[in-house]
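Secondary and tertiary structure notes
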Amino acid sequence: MAAQSYSPGVKKALKYILNLILSRPGNAAASLPSLRELASRAGVSYPTMVKASARLKQLRIIDGVAGHNSALVAGSMNRCHEVLSSITADPPVSARTQSAWRNVADALRKDILTGAYAADESLPSIKELSIRYGVSYATLKKAVDTECDQGYLTRQGRRYKLRRVIRIATQKRVVLAVLGSPKGGLRLSAINEDFVRLLQVACTRSGLGLQIISYDFDHETLQPLVIMDAQGNPAPIPADEGVFGFIMMVVANSTSSTLMISELAALDKPVAVIDTCGDWDLPRNAGKRTVKVLSNLLSDRPGIDAARYLIGIGHVRVAWISPFHQSTWSRNRLAGLIETYAIAGYPRAVNAFAVDNPSSIHAYFSGDAQRECDITPLTDAFARWKKTQERVYSNEIEPLFQHEIPNILLPRGFFNKLLNRLFGRALACPDITAWVAANDGIAVSAKAFLESEGMRIPKDVALLGFDDSPLALRHNITSYHFEMSALTHRALNFIIDIHSLPASKKVIVENTGGMIIERFSTGGFHKTRLSD
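Residues numbered from 1 in each chain as written. Predicted model: local features only at pLDDT ≥ 70, side-chain atom pairs only at ≥ 80, totals over all residues. Heavy atoms only, no water.

For the coordinates displayed, the defined rule picks out seven salt bridges. Residue Arg301 is joined to Asp305 by a salt bridge in which the shortest nitrogen-to-oxygen separation is 3.1 Å. Here the residue Arg301 and the residue Asp305 both occupy positions in helix α10 (residues 301-312), the gap between them amounting to four residues, near one helical turn. On the accessibility criterion, Asp305 (4% relative accessible area) is buried. When the shortest N-O distance is used, the salt bridge between Arg317 and Asp431 registers 2.8 Å. A residue pair is termed long-range when its members are at least 10 positions apart, and Arg317 in the loop between α10 and β11 (318-322) and Asp431 in the loop between α14 (412-427) and β13 (434-437) qualify at 114 residues. (Salt bridge = Lys/Arg side-chain N within 4 Å of Asp/Glu carboxyl O. Helix = DSSP H or I, 4+ residues; strand = E, 2+ residues; numbered from the N terminus. Buried < 20%, exposed > 50% of the residue type's maximum accessible area, 1.4 Å probe, protein only.)

We now examine the sheet that holds strand β12 (residues 350-354). The six strands are arranged β12-β11-β13-β14-β15-β17 in an open sheet whose pairing can be described as mixed. Of all strands in the sheet, those bounded by a partner on one side alone are β12 and β17 (515-517). Adjacent strand axes in the sheet meet at a mean angle of 25° when their direction is disregarded. Alignment of β11 against β12, held across five bridges, turns out to be parallel. The residue of β12 that forms the bridge with Ala319 is Asn351. Strand contacts of α10: β11, β13, β14 (462-466), β15 (478-481) and β17, with the helix running at about 160° to β14, the strand carrying the most contacts. Set on the sheet, helix α11 (residues 328-343) makes contact with β11, β12, β13 and β14; between it and β11 the angle comes to about 170°. (Pairing = 2+ DSSP bridges. Axes fitted to C-alpha atoms, helices over the stretch in contact; angles between N-to-C directions. Contact = heavy atoms within 4.5 Å.)

In this structure, Ile247, Met248 and Trp435 are the most contacted members of the largest nonpolar core, which totals 94 residues. By residue number, the principal contributor to this core is helix α17 (residues 484-496), which donates seven residues. Sequence-distant contacts of Met248, that is, excluding residues within four places in its chain, are made with Ala177, Tyr215, Ser257, Met260, Ile261, Leu264, Val271, Ala272, Val273 and Ile274. (Core = buried A, V, L, I, M, F, W, Y, C linked by side-chain atoms within 4.5 Å.)

Next up on the list: the pairing of β11. Counting buried residues along β11, five of its five residues qualify, which places the element largely inside the surrounding structure. Neither face of β11 is left uncovered, since the one carrying Val318, Trp320 and Ser322 and the one carrying Ala319 and Ile321 both have all their residues buried. Between the parallel elements β11 and β12, the chain passes through α11 in a crossover that is right-handed. The pairing of β11 with β13 spans four bridges and is parallel. Bridge pairing in β13 places Ala319 opposite Trp435. (Right-handed = clockwise from strand over helix to strand, strands pointing away.)

These figures come from the coordinates and say nothing about function on their own.
Here is the structure:
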């Protein structure tokens, strides 16, 4: 939903009403207080609250006026999230310390480079642009003409248009650093691959080059860090004048990742760190304004949004299922679920069925003589190897072992048995009406298990996953979409606009959100299930 311009008072009133609706189950608008009471609670005037209520009616979120027999319009919960996201988004770039037209020219160029305007399509009129950037017609006209002179725009009568390929005189480029291996190849999950593809598109659209390098711990020479080019050959970190800045992806709790951030921070160019792990240490020399940590995977926001969605369709007893609970992202999502349900008046709504210690996985096979016989030689061999490779293990292998053991070291049959134990425990709680799986892969396994037990989805048990992967689409599972495109634009914005940031010795940390993509696994739920 496109961002709307609201006065501070109306924005404050809208935030209050939307958060109130999202924190209550079912038809929350029907029980909203009167407008005067809402105004008092939100700390705004009565006329301001009237305007906010009218806007919600116009957006088809409520039917009627808040506090006067209003009702929540069917299917409007996602619109609630969209409006709330739009009014909490970052404000447009405003004039700073330089002359107004130069500030507008910088803001317009940044929007061009980050894809705010489509290539080969006309820009809005000068009058519309002057309103968007909050300056006079003459100021905006001078800024646009400057961008034409710089080669970013072309004139077509009274309109302006982006050039299909923007040629930047210095041939600026962005360098993407990704965890790899000395033998070549990049270590990327499906969602991280999605980020890289979107980044390539965004750079191509903006006319920036994208150079990919990989880094890893050299296990043969025991060197702490080795840098490779796209072909897997040893190479230095590119730091010439053509490098606009760096985007660094942290995909595992690895010593190499911390060392790489330290190397990049020392170059005094902007570094946007995309954190998909959360269990790593920021190096000391990264404590300055040229480093920004971005993540849409690690905060409690996905759990909060999932809880709001499930409350909105009537689920007041849910299960959190995660075999990856040693990871920060899993713990944070559970915390978001629990907190949101507690605020809504359901302090014991969430039951966690999780494995939070990789060493405890062995306990899942106790009592099964054949399984124990199969796994014991593997664990014994690993213990012997660990003693002979202590330095490599403590610096590099142990972190990866802790976070990847369910997928790498255990045969698929063992992992399936672990999941089935978790699923069986969740199914043994008959009052639970929804399962929230740690990711789409776990959700697909849960669906197969439930169907094998004769459970109907979503009538008996609703199912929700995370990542909005092709797997969720193929199996028609409701999933949380992490807005990877927004993450790419925020990373590029930081690199392009670094010189406009205020001086600071602190690293900027920013968590972005996402949205629920509703599919059959939750969409058919009926509230009568609560009383069955």
